[in-house]
4 protein chains.
Amino acid sequence: MAKKIAIIGASGYTGAELIRLIATHPGMEIAALAANSSAGQSMAQVFPFLRHLDLPDLVTVDEVDFSAIDLAFCALPHKTSQQVIKALPKELKIVDLSADFRLQDPEAYRTWYGNDHAAVEMQGEAVYGLTEFYRDRIRTARLVAGTGCNAATGQFALRPLIAAGVIDLDEIILDMKCAVSGTGRGLRQDTLFAELSEGYHAYAVGGKHRHLGEFDQEFSALAGRPVRVQFTPHLLPANRGILSTCYLKGDAQAIHSTMEKAYADEPFVCVLPFGEPPSTHHVRGSNFVHIGVTGERIDGRAILVCVLDNLTKGSSGQAIQNANLMLGLDETEGLMMAPLFP
Amino acid sequence: MAKKIAIIGASGYTGAELIRLIATHPGMEIAALAANSSAGQSMAQVFPFLRHLDLPDLVTVDEVDFSAIDLAFCALPHKTSQQVIKALPKELKIVDLSADFRLQDPEAYRTWYGNDHAAVEMQGEAVYGLTEFYRDRIRTARLVAGTGCNAATGQFALRPLIAAGVIDLDEIILDMKCAVSGTGRGLRQDTLFAELSEGYHAYAVGGKHRHLGEFDQEFSALAGRPVRVQFTPHLLPANRGILSTCYLKGDAQAIHSTMEKAYADEPFVCVLPFGEPPSTHHVRGSNFVHIGVTGERIDGRAILVCVLDNLTKGSSGQAIQNANLMLGLDETEGLMMAPLFP
Amino acid sequence: MAKKIAIIGASGYTGAELIRLIATHPGMEIAALAANSSAGQSMAQVFPFLRHLDLPDLVTVDEVDFSAIDLAFCALPHKTSQQVIKALPKELKIVDLSADFRLQDPEAYRTWYGNDHAAVEMQGEAVYGLTEFYRDRIRTARLVAGTGCNAATGQFALRPLIAAGVIDLDEIILDMKCAVSGTGRGLRQDTLFAELSEGYHAYAVGGKHRHLGEFDQEFSALAGRPVRVQFTPHLLPANRGILSTCYLKGDAQAIHSTMEKAYADEPFVCVLPFGEPPSTHHVRGSNFVHIGVTGERIDGRAILVCVLDNLTKGSSGQAIQNANLMLGLDETEGLMMAPLFP
Amino acid sequence: MAKKIAIIGASGYTGAELIRLIATHPGMEIAALAANSSAGQSMAQVFPFLRHLDLPDLVTVDEVDFSAIDLAFCALPHKTSQQVIKALPKELKIVDLSADFRLQDPEAYRTWYGNDHAAVEMQGEAVYGLTEFYRDRIRTARLVAGTGCNAATGQFALRPLIAAGVIDLDEIILDMKCAVSGTGRGLRQDTLFAELSEGYHAYAVGGKHRHLGEFDQEFSALAGRPVRVQFTPHLLPANRGILSTCYLKGDAQAIHSTMEKAYADEPFVCVLPFGEPPSTHHVRGSNFVHIGVTGERIDGRAILVCVLDNLTKGSSGQAIQNANLMLGLDETEGLMMAPLFP
């Protein structure tokens, strides 16, 4: 029997993406959709592209009967998420897609997000949701904190290399090219079509992007010593896709074979033949990650490019992958759809 | 057991779209992929977005063992298609996505395509592939001729109205807005990004587009007298989607209720509440059709807008819908994926 | 000596476009820039693309010394514009880009805009700003009301035909395809990149768009009897450009020669050879209008396609063309820049 | 009296961009347009956006009477360019936009372009066309070799820093994001709208892009020792614009003040306030370069972002800037148009 799912924060892009994926997921069934600001509306009003589905209308979080729910996805903005989750039943399985439970250290949280955490006691409980690396803990977790989309892209690129010690840990640069859906459905001047189409720019330059908190936490833990990477995001005129160009010091062939070995059995991560660069075009709308490694004309350097779809593998697809594990389903269930091209 | 499928012409967009859809179709399995010009290559080389699938390499048509095939999709350019299909085993079930078998009258074919048909004897055998209207004949057909993407959009808009006699048959105008993937993967200057992005234009203006042959054939048969519509296509900077704005003379409410009644039981066709206009954004990558009807300030006129995804419902999705029927599968199998938004 | 120009409402797209054009206009010089909501800011902050210019900072309207100004452009939202203009010095030359003074009949204004006009006495004084047709009156006008961008496109298409009596006045359909900058810089969900890119939809369907008020006024005056056209706008994923496909009843060749004759001496309006359709790509960023006329396979009908850049010829370019006349400058001064392609 | 200009290779994007700019250049007049493959056609046929101009029809190079020409722009593909230029009158002033005369060392040319140079004797004569740094030599040059668009972007970013010795010369990384018009108007699958829109990828990864030849030549000469940078281009879904994110080791404030000083008197190069990142949106269609410098959270590092329009400042605008000098005109003449936004 299909598991009963609630989605809290169903009126944003990641909420809608969860519904898109669950629509053809044989093991899940949407039992409740909450979005306080849109309560009372049908999903067809909020997202007409979901009009063909027989979905419950949107309600407030308070109106959801969580006793009938097997797992809740929380797709709220950060800060709101921690407050809502704090008030949910303590035994409810939750996958949080916000940034609120990604950082385990309250101090680090305060540094990057500028406020005290409202649910400090749950920060420790939460398991970091990068499935490929936290699979065992996720399987038994009650609360999983979905990895940020940029943070996921960078970690798929670097974790095996840091673990294997094949790159210089003090010389890691990630230049990211990010599609606009990652900024959400909120109204902003810089994400208007007329302001974004046909051009691009860097933002949060110089180490200001909050996903650096995740990089610091994860890479340092992995290396057993502080690791700080450089990470510059760029906003691009596209809906979906993150491409991270990683500038590394190390032997390119060793880097490639380390990656191939690390992901050999992963259903969603594909390491391309040496020298072949990946494209965001080839993962759009899917849960796949493509990684390419290339040598550099300057000896001892390599370039690794990693791509994924920020809304799918970078957010809602990853969340379902985690939920599959938490619910005892097959990890890939409902996630093997091919990318959309063109 | 899954039906064995061959795709002839697998190196174009409609071929790739067939593979995308079959990848998650529980009742079909790809047994052979043919594309003469790319024979010897893997699909990952031709379409890297299909890299995660375990697919047979491309071969020439001659190399396919059709005795092991339950149904072949033919996704070749027109003129080529008729010659290839003519040479295939006579009992093989075929869904042709080209224009070659859509027109039943050899004379009409010659008028619109400028050459004699190479397989005249099969023109009569072919069943027109607009599933919603030819369901019974498709179920037992051996050769089904997929409807053109513009022709499908216009027919979903107009067939119920012509059948019901609620519009003036001599005053029908279809203004279509077409995405670029409908022009195929061939190299053309006007479909280069730099030539198409950020602008738009009309083409085949004044009654020159070949899909008019389909409109003439189908609408005249339906009305029992000659019907000639006006149809102007426009090329737009988008990958997928056709939007047809239909200018009609008739009572708007009667038009709306005729449409609602006609499609009440159709799983893929959705008639929106009166006055609500649809958007191609809401059907991208799906097999759905959205139709909206609005009144006009000038009495006795109505505007009907119909949208679908040219590569899915307008081509490969429709083809699979037909194949499902021909193979005794459920008509909607493998086709209920939600649209991709954003 | 260059004329001193003030721009009121300099923080929107039409305000910025005025500055772009005046930047290389030999006969004009920007003396004051007002925008109440952004007062105190530099233009480089509001529009960094104007950073290279030596411009006055933004001030409030009240802070402008209009005694030193030769002509003011008012690029405010409608309703605001009439109140601001009402309070300006009575002898100041003004080109208003809003909708506020386009309709001469207070009743028609109320019908389309839903409120009483705050400056009824000036409605009669204002000259309609479609330069090519009101040149003589504009030359001596004090207040010119810029034509709406859709209204301009439709009038370039139809005025000569209505005047010449070569088309059926009761059977005129304009299907318009509009770029997004026409909706302005305000924050709206439907103009976010993620909501607009890669798709399109109709809006204000059935005779609801306010520019119909201009069509009714102008076409009826021209014909000497009521003329009501059908006009359906569509929002497209592009920054600049309007394309109007006009479905007409009349002789196509007569229509073409009427257009050729009408615009033979116009520097900005180009009628293409018979049968050649224009493209918005070919007028982007310029003050040009391209018009194409094609026959239809149905006798007695014709299709006319008209394109222009909504921000230039449809708004700020037209405004400068009018200002040139009002200031005794050459009509084409500062406006002969070539389109930007690609 | 206006200088008589010939454009050889007028059927490509850089040729068309030259015409766009010369159209409003008071000191230049187009006397001849050559394009062997399109000879006999009018420019309105090849580029309808230039339809308003009174231009000579396209002829073959042989048909041009160069005795009446003051300066010729050569906008041909590389390899073709050197052969055509070799055959031109020896006293004719030429600005070449191809790659053929950028590298002074025949050996370096052979390495990067794979063939022997057909006009070795002229390689030494040619002056490198980065105006801001070769102004004096360009003024008296007969043959100027236009800088590549990526090479220009990188040099505006780095030359002052290398000259001033404020960055580590062995640790320079340029991650470039390039619009598609830089690849030209030729037919390629990867530049089709459907293949490029909505996605992005790296290419020529690892030090394979030919513009590295220019970087090596120029930076090494400047530093007085070999300098080799890393440079990874990415193809983005936009028509115009290059953005280079430069990862540098050095003091960010020193880098910023070095840049400010270097460009203080340059009319086309604008160094933004410290910490402000530039955008390609703000230079589209113009001859401006915007540069931003930001500090990094890792001490001793800085990020510099440089943007320009590849067809204007990166190619045809730069060419006209050079031609202005060679013809004794004001360097900025015809080039001060504001960018097009949005």
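Residues numbered from 1 in each chain as written. Chains lettered and ligands numbered in written order. Predicted model: local features only at pLDDT ≥ 70, side-chain atom pairs only at ≥ 80, totals over all residues. Heavy atoms only, no water.

- With an unreviewed UniProt entry as reference, chain A is termed N-acetyl-gamma-glutamyl-phosphate reductase, source organism Pseudooceanicola pacificus.
- Here is the UniProt Sequence similarities (unreviewed entry) comment for chain A, exactly as written: "Belongs to the NAGSA dehydrogenase family. Type 1 subfamily."
- Regarding chain A, the relevant UniProt record gives this comment under Catalytic activity (unreviewed entry): "N-acetyl-L-glutamate 5-semialdehyde + phosphate + NADP(+) = N-acetyl-L-glutamyl 5-phosphate + NADPH + H(+)". (UniProt positions renumbered as here; feature names shortened; annotations may be inferred.)

1. Some points on the domain arrangement of chain A
Residues and elements named next belong to chain A.
So, step 1. For chain A, the domain assignment lists domain 1 (3-147 + 313-326) and domain 2 (150-309).
So, step 2. Spacing between the C-alpha centres of domain 1 and domain 2 amounts to 24 Å.
So, step 3. Taken together, the 25 residues of domain 1 in the interface contact 32 residues of domain 2.
So, step 4. The junction of domain 1 with domain 2 conceals about 2300 Å² of combined surface from both sides, 52% of it contributed by carbon and sulfur atoms.
So, step 5. On the domain 1 side of the interface with domain 2, the three residues burying the most area are Tyr13, Trp112 and Lys313, jointly 31% of the side's total.
So, step 6. Between domain 1 and domain 2 we count 3 salt bridges in total. (Domains from an automatic or database assignment. Contact = heavy atoms within 4.5 Å. Buried area = accessible area lost by both parts, 1.4 Å probe. Salt bridge = Lys/Arg side-chain N within 4 Å of Asp/Glu carboxyl O.)

2. Considerations on the packing of aromatic side chains
So, step 1. All chains considered together, the criterion is met by 50 aromatic pairs over all chains.
So, step 2. Relative to Phe341 of chain B, the ring of Tyr13 of chain A has its centre 6.4 Å away and its plane inclined at 65 degrees; by these criteria the two rings are edge-to-face. One end of the pair, Tyr13 of chain A, is in helix H1 (residues 13-22); the other, Phe341 of chain B, is in the segment after helix H11 (312-326), on a second chain. The same class applies to Tyr13 of chain A and to Phe341 of chain B, which are both buried.
So, step 3. Ring geometry for Phe215 of chain B and Phe231 of chain B: centres 5.6 Å apart, planes at 90 degrees, overall edge-to-face. With Phe215 of chain B in helix H9 (residues 211-223) and Phe231 of chain B in strand E10 (residues 230-235), this residue pair connects regions lying 16 residues apart in the sequence.
So, step 4. Classification of Phe215 of chain B by relative accessible area gives buried; the value is 0%.
So, step 5. Aromatic ring contacts, followed pair by pair, group Tyr13, Phe47 and Phe49 of chain A together with Phe341 of chain B into a single cluster.
So, step 6. Positioned over the ring face of Phe133 of chain A is Arg159 of chain A, at 4.8 Å from the centre of the ring. (Phe/Tyr/Trp six-rings, centres within 6.5 Å; stacked < 30°, edge-to-face > 60°. Helix = DSSP H or I, 4+ residues; strand = E, 2+ residues; numbered from the N terminus. Buried < 20%, exposed > 50% of the residue type's maximum accessible area, 1.4 Å probe, protein only. Lys NZ or Arg CZ within 6 Å of the ring centre and 35° of its normal.)

3. Here we look at the UniProt feature "domain: Semialdehyde dehydrogenase NAD-binding" (unreviewed entry) in chain A
So, step 1. In the numbering used here, UniProt assigns the feature "domain: Semialdehyde dehydrogenase NAD-binding" (unreviewed entry) to residues 4-141 of chain A.
So, step 2. Between the first and last C-alpha atoms of residues 4-141 of chain A the distance is 18 Å; the span itself is 30% helix and 17% strand.

4. Some remarks on H9 of chain B
Working note: α-helix, 3.6 residues per turn, so residues spaced by three or four point in the same direction.
Residue and element names in this part refer to chain B.
So, step 1. Between its first and last C-alpha atoms H9 spans 18 Å; for 13 residues at 1.5 Å apiece the expected length is 18 Å, and the two agree.
So, step 2. Taking burial as the measure, the 13 residues of H9 include 10 buried ones, the bulk of the element.
So, step 3. Considering only its buried residues, H9 is in contact with helix H4 (106-113), strand E6 (127-128), helix H6 (131-139), helix H7 (149-164), strand E8 (173-178) and E10.
So, step 4. Note on H9: the residue one or two positions beyond its end, Gly224, has a positive phi of about 75 degrees. (Expected span 1.5 Å × (residues − 1).)

5. As for the relation of the copies chain A and chain D
Comparison of the two chain copies shows a relationship of rotation about an axis with a shift along it.
So, step 1. The two copies are related by a screw operation: chain A maps onto chain D through 180 degrees of rotation and 0.0 Å of translation along the axis, at an RMSD of 0.0 Å. Between the two chains, the operation in question is that of a two-fold axis.
So, step 2. Both copies present the same face, since 100% of the interface residues in chain A are matched by interface residues at the equivalent positions in chain D. (Least-squares fit on C-alpha atoms with pLDDT ≥ 70 in both.)

6. Comments concerning the pairing of strand E13 (residues 289-295) of chain B
All names here are of chain B.
So, step 1. With 7 of its 7 residues buried, E13 lies for the most part within the structure.
So, step 2. On E13, burial covers both faces: Val289, Ile291, Val293 and Gly295 on one face and His290, Gly292 and Thr294 on the other are all buried.
So, step 3. When E13 meets strand E14 (residues 301-308), the two strands line up antiparallel, connected through 6 bridges. Residue pairing across strands places Gly292 opposite Val305, the latter belonging to E14.
So, step 4. From the end of E13 to the start of E14, which pair antiparallel, there are 5 residues, and Gly300 there has a positive phi angle of about 80 degrees. (Pairing = 2+ DSSP bridges.)

7. Some words on the interface of chain A and chain D
So, step 1. Each partner contributes residues to the interface: chain A has 57 residues there, and chain D has 57 residues.
So, step 2. The interface formed by chain A and chain D includes 40 residue pairs in polar contact (both at pLDDT 80 or more).
So, step 3. Of all the secondary-structure elements, those providing two or more residues to the side of chain A that touches chain D are strand E8 (173-178), helix H8 (193-196), strand E9 (201-202), helix H9 (211-223), strand E10 (230-235), strand E11 (242-249), strand E13 (289-295) and strand E14 (301-308) of chain A.
So, step 4. In terms of residue class, the side of chain A that touches chain D is made up of 26 nonpolar, 16 polar and 15 charged. (Polar contact = N/O pair within 3.5 Å; in protein donor to acceptor, adjacent residues only side chain to side chain. Nonpolar A, V, L, I, M, F, W, Y, C, P; charged D, E, K, R; others polar.)

8. Considering the sheet that holds E6 of chain B
All names here are of chain B.
So, step 1. Read from one edge of the open sheet, 7 strands run E3-E2-E1-E4-E5-E7-E6, paired in parallel fashion. Each of the sheet's edge strands pairs with one partner strand only, and the pair in question is strand E3 (58-59) and E6.
So, step 2. With 2 bridges joining them, E6 and strand E7 (residues 143-145) adopt parallel strand pairing. Counted as the bridge partner of Tyr128 is Ala145 from E7.

9. Points about the relation of the copies chain A and chain B
So, step 1. For the pair chain A and chain B, the best superposition has an RMSD of 0.0 Å and corresponds to a rotation of 180 degrees with a translation of 0.0 Å parallel to the axis.
So, step 2. When you check the interface residues of chain A against chain B, 100% turn up at the interface there too, and the contact is symmetric in its surfaces.

10. Looking at the pattern of salt bridges
So, step 1. Overall, the coordinates contain 88 salt bridges over all chains when judged by the stated rule.
So, step 2. With a closest N to O distance of 2.6 Å, Arg110 of chain A and Glu107 of chain A form a salt bridge. Taken together, the residues Arg110 of chain A and Glu107 of chain A, both in helix H4 (residues 106-113) and 3 residues apart, mark about one turn of the helix.
So, step 3. Asp116 of chain D is the partner of Arg110 of chain D in a salt bridge, and the nearest nitrogen-oxygen pair spans 2.3 Å.
So, step 4. By relative accessible area, which is 35% here, Arg110 of chain D ends up partly exposed.
So, step 5. A single salt-bridge network, built from bridges that share partners, covers Glu17, Arg20, Arg240 and Asp309 of chain A.

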